[in-house]
Amino acid sequence: MILVFCETKDGKIRKPSLEALCEARRLADGAGKGLGALFVGADTTGAGEAAQYGADVIVKIEAPSLAAYSSDGYATAIADAVKAKGATALLAAATSCGRDVAPRVAARLGAGYASDVTGLSMVEGRLQAVRPVYAGKAFATTGFETPVQVATTRPNIFALAPCPKAGAVETLPAPAGGFLAVVKEILTKGAGHVDIAEADVIVAGGRGMKDGANFGILEELAGALGGVVGASRAAVDAGWGLPHSMQIGQTGKVVSPTLYIACGISGAIQHVAGMSGSKVIVAINKDPEAPIFKLATYGIVGDLFEVVPELTKAAKALGK
Ligand SMILES: Cc1cc2nc3c(=O)[nH]c(=O)nc-3n(C[C@H](O)[C@H](O)[C@H](O)COP(=O)(O)OP(=O)(O)OC[C@H]3O[C@@H](n4cnc5c(N)ncnc54)[C@H](O)[C@@H]3O)c2cc1C
């Protein structure tokens, strides 16, 4: 069996988890394996949706002690589920949570692990993964030698393909507790906040924005396009009040939206590592020699403070 750890938000399965589930369905069909969707938490309402995306069985581990994500608690629960179901492969989305928990599960199971994969196949009953290396400059094909294989899938790469299945529900016992760390409280920025790792349209600003207050023009453009705002590390580190959760790149988030608009970003390799998987890249930079133009689908050489408001105007006009 292939097991997919599914994350939920507001009672719905997160899109990167659905993508992992659809890819796992494709692999399971090719290898003649079953597919399980695994849900961990205090309340797994919404898990039923997994049946629409190919889950033969929906596996739930519910306990009040699992209400908030904790590395130790979730890694224990997921590893227990893999063993209980005799799963040979475990997939999770390469979200903050998936990237944190999946290697811990792999370590507990003595399993091979591939992170942030952009392609998967099944070779002689074992996973084979394609993943970007050298900050996205090359792709490596990774094979596994362990009986159990664990991988995280990069969001916005694998297609969503509904595939209704029975989705029989099974409940497994929760771990006894005694976790090393317990989450007492989660402080969020507020409702409606979209994780940039899941966004379809990203407008990102760099040092060329000159000040945090100027990000308002990016918010406006993102709003007109139905997207969210991200930032380079230089912008986040500049003390402009931008949270690290906005940072895109090697030490930030890896994003792969349909549209990425880079404003005042030079295109350093560490930034490119986080956004080179974007389908269409638009770069706005006043320096025609900026490295970002080598990567861009469309380049606009100009002052972003003139170009961005014009784009917003055009986007709003199209939206009418
Ligand atoms: C270990 C390590 C990890 C790192 N991780 C990351 C990471 O995760 N993410 C990341 O982004 N960086 C990361 N960096 C930093 C990276 O090397 C660059 O320093 C950073 O990406 C530069 O950010 P920037 O493009 O915003 O700034 P700059 O390189 O300073 O570029 C600013 C650009 O704005 C343009 N510009 C200025 N004014 C205007 C204007 N009015 N209109 C149009 N264009 C204008 C300039 O021409 C310039 O190209 C890392 C570095 C290291 C060493």
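Per an unreviewed UniProt entry, the protein carries the name Electron transfer flavoprotein subunit alpha and comes from Mesoterricola silvestris. Among the UniProt annotations of the protein, the heading Sequence similarities (unreviewed entry) holds the following wording: "Belongs to the ETF alpha-subunit/FixB family." According to UniProt, the comment filed for the protein under the heading Function (unreviewed entry) is "The electron transfer flavoprotein serves as a specific electron acceptor for other dehydrogenases. It transfers the electrons to the main respiratory chain via ETF-ubiquinone oxidoreductase (ETF dehydrogenase)."

Novice: So what about the site of the ligand? Which residues, and what values?
Specialist: The ligand sits among 26 residues. The nearest are R207, S232, T251, S266 and N285. With respect to the ligand, the side chain of N285 contributes an N or O atom lying 2.7 Å from an oxygen atom. Going through the elements one at a time, α5 (233–237), α6 (269–275) and α8 (304–319) are the ones with two or more residues in the shell around the ligand. The residue inventory of the shell around the ligand, partitioned by class, reads six nonpolar, 14 polar and six charged.

Novice: Could you give an account of the UniProt feature "domain: Electron transfer flavoprotein alpha/beta-subunit N-terminal" (unreviewed entry) in the protein, naming the residues involved and the relevant values?
Specialist: Here the UniProt-annotated "domain: Electron transfer flavoprotein alpha/beta-subunit N-terminal" (unreviewed entry) positions come out as residues 2–185. Annotated as 25% helix and 33% strand, the span residues 2–185 places its first and last C-alpha atoms 33 Å apart.

Novice: Could you give an account of α8, naming the residues involved and the relevant values?
Specialist: Taking 1.5 Å as the rise per residue, α8 with 16 residues should run 22 Å; its terminal C-alpha atoms sit 22 Å apart, in good agreement. Restricting attention to buried positions, one finds in α8 the residues L304, V307, V308, T312 and A315. Take α8 and look down its axis: the buried residues cluster within an arc of 135°, on one side only. More than 90 degrees from the buried face of α8, the exposed residues found are E306, K313 and A317. Looking at the buried side of α8, the elements it contacts are α4 (215–225), β15 (259–263), β16 (280–285) and β17 (298–301). One side-chain oxygen at the N-terminal end of α8 lies 2.9 Å from the backbone nitrogen of F305; it belongs to D303.

Novice: Which residues make up the packing of helix α2 (residues 71–85) against helix α3 (residues 96–109), and what values go with them?
Specialist: Where α2 contacts α3, the axes come no closer than 9 Å and their chain directions differ by 50°. The orientation of α2 relative to α3 falls into the category oblique. The two elements α2 and α3 cross, and the hand of that crossing is right-handed. Listed contacts from α3 to S71, D72, Y74, A75, T76, I78, A79, V82 and K83 of α2 are D100, V101, R104, V105, R108 and L109. Split into classes, the residues belonging to the contact of α2 with α3 amount to eight nonpolar, two polar and five charged.

Reading the values: rules and limits
- Residues numbered from 1 in each chain as written.
- Predicted model: local features only at pLDDT ≥ 70, side-chain atom pairs only at ≥ 80, totals over all residues.
- Heavy atoms only, no water.
- UniProt positions renumbered as here; feature names shortened; annotations may be inferred.
- Near = heavy atom within 4 Å.
- Polar contact = N/O pair within 3.5 Å; in protein donor to acceptor, adjacent residues only side chain to side chain.
- Helix = DSSP H or I, 4+ residues; strand = E, 2+ residues; numbered from the N terminus.
- Nonpolar A, V, L, I, M, F, W, Y, C, P; charged D, E, K, R; others polar.
- Expected span 1.5 Å × (residues − 1).
- Buried < 20%, exposed > 50% of the residue type's maximum accessible area, 1.4 Å probe, protein only.
- Arc of directions from axis to C-beta.
- Contact = heavy atoms within 4.5 Å.
- Axes fitted to C-alpha atoms, helices over the stretch in contact; angles between N-to-C directions.
- Parallel < 35°, antiparallel > 145°, perpendicular 65-115°, else oblique.
- Left-handed = near helix turned anticlockwise from the far one by under 90°.

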